[in-house]
Amino acid sequence: MAAAHDVPAGDGPDVRTAADRAPARRDERPTRADADDRPARGRDDDHRPARGRDDDHRPARGRDGDARGRAEADGVWDDGLIARRVTETGPAVPEFVQADPRPARSLPVPPLAYDGPLRSRLDALRELVGLSRTRLDSRTLAEAGRVLDEAAARRRLSGQHTVVAIAGATGSGKSQLFNALAGVAISETGVRRPTTAAPIACSWSDGAAGLIDRLGIPGRLRRRPVQGPDADPQLRGLVLVDLPDHDSAAVQHREHVDRILGLVDAVIWVVDPEKYADAILHERYLRPLAGHAEVMFVVLNQVDRLPGEAADQVLDDVRRLLDEDGVALGEYGEPGATVLALSALTGDGVGELREALGQFVAERGAAARRIAADVDAAAARLRTVYATGRRAGLSEEAREEFAARLADAVGAVAAGEAAERAWLRNAGRACGTPWLRLWRWYQDRREPPTGRLPVRTQPDEEATARQRVEQAVRMVADRAAAGLPAPWALAVREAAVRGAQGLPEALDDLAARAGLPPGRPPRPGWWPAAVLAQASMTILQVVGGLWLVGQIAGVLSPNLGVPVLLMIAGIVGGPIVEWSCRIAARGPARRYGQEAERRLREAAAGCGRARVLDPVASELLRYREVREQYARVAGAGTG
């Protein structure tokens, strides 16, 4: 089979590797098995344009091609994409043992399993998104939704494979490193830029088709190194993806890189001595992905170009830049990015990378760590809308102040004072002298009664009461929203404003119904005795007066002393009784007024609580719920 090409066969000009362009030796001419092998390559090769004289330069296959042709003729496993072994003119790469024939069947692989803490965090993130849909816009929750979707999609796929992408800038040698790790010339290398036009995948074992499908890599760009069952076991389970240049001038190439980097389990960043400090690499990729350090390799390639100790100096500078980007380094046994120096051309350091990569793949934990890092990144982006580090809520002091403002707006104090005056007036009417009661009756006939709340207030009083209600609502909304993130503070204020609609009218009706009760205020038990005493004083005045009139008329014998004493006792005793009753009525009148004020205050507070405080409390409770879920997602408590 031909080597991998950046431009698919049949879709563009024929682009071949250096090995393809090398002239075939006379003793390695194509055999009949090679001719039989051509139809099995798929539809792309069927439409390959005639090459003319270039056909003489196809890579020699020898006995490997004969074995592969016989395997396909016998119906054994071969998808037509087996990577051929590099010729002697190609780069120096390890050779693989010829693969044994295997049946064409797909063995089931177990799906990925997340541990308990990660499952809990994903469940909390799902609950968090559900609780926040009506409070936050879709763009704010888009990243969290993507993480949930990708976590669910990855969980359904193989847990025995680790997908690792090789990314790098133009000319960094990532395709050369890809070929060195694969052991064969799979990805094209050369001076043409960009060389890699589409991602190429190479899988070391079966069962990775679903993972590669998820990356959107077509079948013609999927490769398998020619290996035996026991060859290169340390990379078993690895799916290696060679990406286009992340700084390519072609927009489509950069889109491939950005899309696949969001789907792979780990990434190997290949840098070279010239562009390892490139701003595009650090600002666009390494810095935003700093939280993914545990699933990241940073490889300084082309160290063979550096003289003496320059390689160590450049590698130290790479570590310094990574530290400035916030990328934790996996040194001294701590989790973090693995930083290595190598030369894919000479093979120096490739074995160390292969060993580190094999250990990384054998752990089978890269996919879960990648999802955990994605959850961390999503939590960091959402922190401003869920946590502010300040205490949030509505204090009891704020509730009491809100109730007091409503009571002031509804006139609870004035209502209590009016009730107290009404009680005193009733006591004065019951216990006052007949002449004073007659005078008060005459005044009441001329003027409306005072001491009661009118059912309808004046326009200026209504405007003042409405302003007080609005001010009270603004106050409680500001107190409740203090310390909340902006979206939840806005939701609290909107709930308070909705509840305040119609509140002044409701308070007016409440004042009319909960004000003074109909009829006269209740009378204490001593009132009958006071009324009898006042009546006695009146009788004394009347008896004394009639006695004097009878004496003046000559009906009775003259005796001024007794009737005068009776009249004086009645005249002086009546006010004394009235004054005593007034003193005794102050306590009950005050209690009666306080009861009326309390009743109106409670009614106003109940109305305000039902219309304003309860909706605000519901928003605060919802925020506490999402904050608890966010704390689970973030893996720590929030302020």
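All of these numbers come straight from a predicted model, not from anything done at the bench.

Account for helix 14 (residues 396-410), with residues named and values stated.
Taking 1.5 Å per residue, 15 residues should reach 21 Å; helix 14 reaches 21 Å between its end C-alpha atoms and fits that length. Taken residue by residue, helix 14 has Ala-398, Phe-402, Leu-406, Ala-407, Ala-409 and Val-410 as its buried positions. Where helix 14 terminates, the next one or two residues include Gly-411, which has phi positive at roughly 80 degrees.

An account of the sheet that holds strand 3 (residues 222-223) is requested, with residue identities and associated values reported.
Overall, mixed pairing links the 7 strands, which are arranged 3-2-4-1-5-6-7 in an open sheet. Looking along the sheet, the strands with just one partner apiece sit at the ends: strand 3 and strand 7 (338-341). Where strand 2 (residues 200-203) meets strand 4 (residues 238-242), 4 bridges bridge the pair, whose relative direction is antiparallel. Residue Ala-201 lies in a different strand from strand 4, and its bridge partner there is Val-241. With respect to the sheet, helix 7 (residues 174-182) is in contact with strand 1 (162-168), strand 2, strand 4, strand 5 (266-271) and strand 6 (296-300), its orientation differing from that of strand 4 by roughly 155 degrees.

Give me the packing of aromatic side chains: which residues, what numbers.
Within the structure shown, the criterion is met by 5 aromatic pairs. Measuring from ring centre to ring centre gives 6.3 Å for Tyr-386 and Trp-488, while their planes differ by 40 degrees; the resulting arrangement is tilted. Residue Tyr-386 is found in helix 13 (residues 366-386), and its partner Trp-488 is found in helix 18 (residues 486-500); the two are separated by 102 residues along the sequence. On the basis of relative accessible area, Tyr-386 is assigned to the buried category, the value being 0%. Counting every residue linked through ring pairs, the aromatic cluster contains Tyr-386, Trp-488, Tyr-623 and Tyr-630.

Hey, could you go over the environment of Arg-224 for me, with residue numbers and the actual values?
Position of Arg-224 relative to the elements: it lies in the loop between strand 3 and strand 4. Between the C-alpha atom of Arg-224 and that of Ile-186, which follows or precedes it by 38 residues, the distance is 9.0 Å. Looking at Arg-224, its side chain comes within polar contact range of the main-chain oxygen of Ser-203, at 2.8 Å. Within the local environment of Arg-224, its side chain forms a polar contact with the side chain of Asp-206, the two groups lying 2.8 Å apart.

Explain the side chain of Arg-214 to me, using residue names and the numbers behind them.
Note that Arg-214 resides in helix 8 (residues 209-215). Ignoring sequence-local partners within four residues, the contact set of Arg-214 consists of Glu-150, Ala-153, Arg-154, Leu-157 and Leu-263.

Summarise the pattern of salt bridges; cite the residues concerned and give the values.
Applying the stated criterion across every chain yields a total of 30 salt bridges. For Asp-317, the salt bridge is made with Arg-320, and the minimal N-O distance between the two is 2.7 Å. Taken together, the residues span about one helical turn, with Asp-317 and Arg-320 both in helix 11 (residues 310-324) at a distance of 3 residues. Several salt bridges converge on common partners, so that one network encompasses Glu-143, Arg-146 and Arg-381.

Tell me what's going on with the packing of helix 14 against helix 21 (residues 561-634), and back it up with residues and numbers.
Contact geometry for helix 14 and helix 21: axes closest at 9 Å, N-to-C directions at 130 degrees. Between helix 14 and helix 21, the interaxial angle falls into the category oblique. As helix 14 packs across helix 21, the resulting crossing turns out to be right-handed. Facing Arg-399, Phe-402, Ala-403, Ala-404, Leu-406, Ala-407 and Val-410 of helix 14, the residues of helix 21 in contact are Leu-600, Arg-601, Ala-604, Ala-605, Gly-608, Val-612, Leu-613 and Ala-617. Residue classes in the contact of helix 14 with helix 21 are distributed as 12 nonpolar, 1 polar and 2 charged.

Describe unusual backbone geometry, and please don't skip the residues or the numbers.
Of note in this structure, Gln-302 is not a glycine but carries a positive phi near 65 degrees. Positionally, Gln-302 belongs in the loop between strand 6 and helix 11. Although it is not a glycine, Arg-364 sits at a positive phi angle of roughly 55 degrees. For Arg-364, the position within the fold is in the loop between helix 12 (350-362) and helix 13.

Now, about a nonpolar patch on the surface: what can you tell me, with residues and values included?
There is a patch of nonpolar side chains on the surface, built from Leu-560, Val-564, Ile-568, Ile-571, Val-572 and Ile-576 and spanning about 520 Å² of accessible area. Following the sequence through the fold, Ile-568 ends up in helix 21. In this structure Ile-568 comes out as partly exposed when scored by relative accessible area, which is 45%.

Lay out the pairing of strand 6 with the relevant residues and their values.
Counting buried positions along strand 6 gives 5 out of 5 residues, so the element sits mostly inside the fold. Along strand 6, one buried face is formed by Met-296, Val-298 and Leu-300 and the opposite face, lined by Phe-297 and Val-299, is buried too. Here strand 5 pairs with strand 6 via 5 bridges, running parallel. Bridging across to strand 6, Val-271 finds its partner in Leu-300. Following the chain from strand 5 across helix 10 (residues 279-286) to the adjacent parallel strand 6, one finds a crossover that is right-handed. One ladder, built from 4 bridges, connects strand 6 with strand 7; its direction is parallel. Pairing of Leu-300 across the sheet is with Ala-341, part of strand 7. Where the polypeptide runs from strand 6 across helix 11 and back to strand 7, its parallel neighbour, the crossover connection is right-handed.

I'd like to hear about the environment of Gln-541, residue by residue, with values.
Structurally, Gln-541 is set in helix 20 (residues 527-553). Among the residues examined, Gln-541 registers a relative accessible area of 13% and is labelled buried. The spacing of Gln-541 and Ile-568 is 27 residues in sequence and 7.3 Å in space, taken between C-alpha atoms.

Rules used in this analysis
- Residues numbered from 1 in each chain as written.
- Predicted model: local features only at pLDDT ≥ 70, side-chain atom pairs only at ≥ 80, totals over all residues.
- Heavy atoms only, no water.
- Helix = DSSP H or I, 4+ residues; strand = E, 2+ residues; numbered from the N terminus.
- Expected span 1.5 Å × (residues − 1).
- Buried < 20%, exposed > 50% of the residue type's maximum accessible area, 1.4 Å probe, protein only.
- Pairing = 2+ DSSP bridges.
- Contact = heavy atoms within 4.5 Å.
- Axes fitted to C-alpha atoms, helices over the stretch in contact; angles between N-to-C directions.
- Phe/Tyr/Trp six-rings, centres within 6.5 Å; stacked < 30°, edge-to-face > 60°.
- Polar contact = N/O pair within 3.5 Å; in protein donor to acceptor, adjacent residues only side chain to side chain.
- Salt bridge = Lys/Arg side-chain N within 4 Å of Asp/Glu carboxyl O.
- Parallel < 35°, antiparallel > 145°, perpendicular 65-115°, else oblique.
- Left-handed = near helix turned anticlockwise from the far one by under 90°.
- Nonpolar A, V, L, I, M, F, W, Y, C, P; charged D, E, K, R; others polar.
- Patch = residues over 30% accessible without salt bridge, like charges linked within 9 Å, V, L, I, M, F, W, Y side chains within 5 Å.
- Areas by Shrake-Rupley, 256 points an atom, 1.4 Å probe, with all protein chains shown as cover.
- Right-handed = clockwise from strand over helix to strand, strands pointing away.

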